[in-house]
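# Descriptive structure summary
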Amino acid sequence: MVLAPAIKVVLGSLAFAIFWVLAVFPAVPFMPIGRTAGSLLGAMLMVLFQVLTPDQAFEAIDLPILGLLFGTMVVSVYLERADMFKYLGKLLSWKSQGSKDLLCRICVISAISSAFFTNDTSCVVLTEFVLKIARQQNLPPHPFLLALASSANIGSAATPIGNPQNLVIAVQSKIPFGEFLFGIACSMVVGICVNAFILLCMFWKLLSVQKDEEEPPMEVAPQDDVNSHRFSPATMSHLTSQSSQELNAHLEAMSIHSSPSVNGRIDNNILRNRVAGSADNEIHRDENVLKDGTDIGSSQKKDERVVSTASLTHRIMSANSNFGLEEIDEKSAKWKIILWKIGVYAITVGMLVSFMAGLNMSWTAITAALALVILDFKDARPCLEKVSYSLLVFFCGMFVTVEGFNRTGIPSAVWDFMEPYAQIDHVSGVAILATVIVVLSNLASNVPTVLLLGGRVAAAAASISPEKEKKAWLILAWVSTVAGNLSLLGSAANLIVCEQARRAQNFGYNLTFWVHLKFGVPSTIIVTAIGLMLIRA
């Protein structure tokens, strides 16, 4: 492809440069508007500079990719509500055999969850679990945070729904879900093992040190679960203060009902004894008052107190009956929640099976999302508000910006120069191609790299054979994803782990750029190289 007119080349390059700066450094001092607004600015400039017409800009937006991304995000929201990630977090500490066993578990669980629920979602949810376990066992957090982020990136490479760039590759290449998984699964499994081995080698001494004040491992539970059994003062608003005995009886009965140690069961004998004791106390108090001669008209007062005691007894026995009804209601609600969770998991499995069967992934994901909304049988707005619409808007702007830059002719000219040296039927060609992808993925981010190189790399490979074309797409998916482990800025998953760890209450930790780089460089080079040898077309 020849270069466009000079004015288009200059203006198109300027618009792309602005987009690149704001995408890689979203908080630059001269324009701290963020990635999403930066992508829209780049798209707007492409149209304003007449690099693209408005119709061409709208045509550049890939709706199937947006549909697939939206559907998978909605499914992830409902899986989080169904405690899927809480159960994964519990697996981290279940019968743990020490720090090294914990690190290997994090690698495996992070990789598997990222492959099917996206790497960003896994990192958002699992980071705090990892920090809590590390702090509770008095272990240094950074080896485990590195294991979480790097394994999430490696694991997400195995499926089309693992990360955004794989979504782009799956839609553009039309490779079925099963073939995509089969082609990269071996590289992913070996890559996770190698990555865990590198982590163990680098931090073996640190993980072997036993602290003097080591706390016993505890089961990690979200704060909401911890607070769910606490007594709420709001429940006291309907109580009266006629007597201290009545108030204590109510509070003790409610305490028994809410206590997790008895699982909501009420001992009727205890309640009967409490009623009898309360009544006896009232009668003894009345007798003492009569003996002291401080009450005139004692017979009338006594009758009133007897009636009050009977009323108290009736109220407590009614409470006993009400607690029994509440216990039945709680059991019914508990079973409804269990059945709802089973339905969520079943729909998710059905979505994955449909992917494996070769059905259209975009519409399958949207159908699964709507099925979950209907299953929930309530207003879906709270769940839909958790979808990252800013990411969808970012993709729209990025599609337009990258299309405009492609029309300048610069990417094609650069690829024409590189193509003779990057043929994937030679080892040297694969090495050169992988190097270019790693560098571009860390400079321009992995999704723009895929959009810029994907069609050109596939076309060059297709001239050799159809199998080579498919392998070229898989190589692009593997390398562009694993390249995110090179530095802290290499992927969104790394930044998510860093920010989540820094902001975590009571467990905060700052994962620095250089700590990540010391591990990221050797891990990326070794894992990428080994994985390239195991990719199957």
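None of these values were measured; they are calculated from a predicted model. (Residues numbered from 1 in each chain as written. Predicted model: local features only at pLDDT ≥ 70, side-chain atom pairs only at ≥ 80, totals over all residues. Heavy atoms only, no water.)

Let us now look at the overall build of the protein. Along the protein, the regular secondary structure elements total 23 helices and 0 strands. Counting all 537 residues of the protein, 48% fall into the buried class. Considering only contacts in the protein between residues 6 or more positions apart, those separated by 24 or more positions represent 76%. By element, 64% of the accessible surface of the protein is carried by carbon and sulfur atoms, the whole surface being about 26500 Å². (Helix = DSSP H or I, 4+ residues; strand = E, 2+ residues; numbered from the N terminus. Buried < 20%, exposed > 50% of the residue type's maximum accessible area, 1.4 Å probe, protein only. Contact = heavy atoms within 4.5 Å. Areas by Shrake-Rupley, 256 points an atom, 1.4 Å probe, with all protein chains shown as cover.)

Bringing the UniProt feature "transmembrane region" (unreviewed entry) in the protein into the picture now. Here, UniProt's "transmembrane region" (unreviewed entry) annotation points to residues 6-25, 63-81, 180-204, 361-377, 389-410, 430-453, 473-493 and 513-535. Secondary structure content for residues 430-453 is 96% helix and 0% strand, and the end C-alpha separation is 14 Å. In residues 513-535, helix accounts for 96% and strand for 0%; the two terminal C-alpha atoms are 30 Å from one another. (UniProt positions renumbered as here; feature names shortened; annotations may be inferred.)

Looking now at the nonpolar core. In terms of nonpolar packing, the biggest core is built from 134 residues, with Tyr 78, Phe 144, Phe 355, Phe 395 and Trp 478 touching the most fellow members. Looking at which element gives the most residues to this core, the answer is helix α10 (residues 177-208), with 13 residues. Leaving out residues up to four positions away in the same chain, Phe 144 has contacts with Ser 99, Leu 102, Leu 103, Ile 106, Val 130, Ala 134, Leu 139 and Leu 207. (Core = buried A, V, L, I, M, F, W, Y, C linked by side-chain atoms within 4.5 Å.)

Below, the discussion takes up the side chain of Asn 163. If you trace the backbone, Asn 163 turns up in the loop between α8 (142-156) and α9 (164-173). In terms of polar contacts, Asn 163 uses its side chain to reach the side chain of Ser 156, at 3.0 Å. Only 3.4 Å separates the side chain of Asn 163 from the side chain of Thr 481, close enough to count as a polar contact. Excluding residues that lie within four positions of it along the chain, Asn 163 makes contacts with Asn 119, Ser 156, Ala 157 and Thr 481. (Polar contact = N/O pair within 3.5 Å; in protein donor to acceptor, adjacent residues only side chain to side chain.)

It is worth spelling out the pattern of salt bridges at this point. Under the defined criterion, the tally for this structure stands at 8 salt bridges. Between Arg 81 and Asp 376 there is a salt bridge, with its nearest N and O atoms 2.7 Å apart. With Arg 81 in helix α4 (residues 63-81) and Asp 376 in helix α15 (residues 361-376), this pair connects stretches of sequence that are 295 residues apart. Its relative accessible area of 9% is what places Asp 376 among the buried residues. The shortest N-O distance in the salt bridge between Glu 179 and Lys 470 comes to 3.1 Å. Taken as a pair, Glu 179 in helix α10 and Lys 470 in helix α21 (residues 466-482) lie far apart in primary sequence, 291 residues in all. Taking relative accessible area as the criterion, Glu 179 reaches 38% and is therefore assigned partly exposed. Salt bridges here are not isolated pairs; linked through shared partners, they connect Asp 83, Lys 86 and Lys 341. (Salt bridge = Lys/Arg side-chain N within 4 Å of Asp/Glu carboxyl O.)

On to a nonpolar patch on the surface, then. Residues Phe 25, Leu 489, Phe 513 and Trp 514 make up a contiguous nonpolar surface patch of roughly 420 Å² in combined accessible area. Within the fold, Leu 489 resides in the loop between α21 and α22 (492-503). For Leu 489, a relative accessible area of 42% puts it in the partly exposed group. (Patch = residues over 30% accessible without salt bridge, like charges linked within 9 Å, V, L, I, M, F, W, Y side chains within 5 Å.)

Let's shift gears to the packing of aromatic side chains. Following the criterion strictly, the structure yields 8 aromatic pairs and no others. Grouped by ring-pair contacts, the aromatic residues Phe 16, Phe 19, Phe 394, Phe 395, Phe 399 and Phe 405 constitute a single cluster. In this structure, Lys 100 is placed above the aromatic ring of Trp 204, and the distance from its NZ or CZ to the ring centre is 4.5 Å. (Phe/Tyr/Trp six-rings, centres within 6.5 Å; stacked < 30°, edge-to-face > 60°. Lys NZ or Arg CZ within 6 Å of the ring centre and 35° of its normal.)

So, on to the confidence of the model for the protein. For the protein, mean pLDDT is 80; residues scoring 70 or higher make up 77% of the total. Of the regions scoring below 50 in pLDDT, residues 212-299 engages in 83 contacts with residues more than four places distant in sequence or in other chains. (pLDDT = per-residue confidence, 0-100.)

Of note in the backbone geometry, Asp 83 takes a positive phi value of approximately 65° without being a glycine. Within the fold, Asp 83 resides in the loop between α4 and α5 (84-93).

This next bit is on helix α17 (residues 389-407). The end-to-end C-alpha separation of α17 is 28 Å, in line with the 27 Å expected for 19 residues at 1.5 Å each. Within α17, burial applies to Leu 392, Phe 394, Phe 395, Gly 397, Met 398, Phe 399, Val 400, Thr 401, Val 402, Gly 404, Phe 405 and Asn 406. Positive backbone phi, approximately 90°, marks Gly 409, located one or two places after α17. (Expected span 1.5 Å × (residues − 1).)

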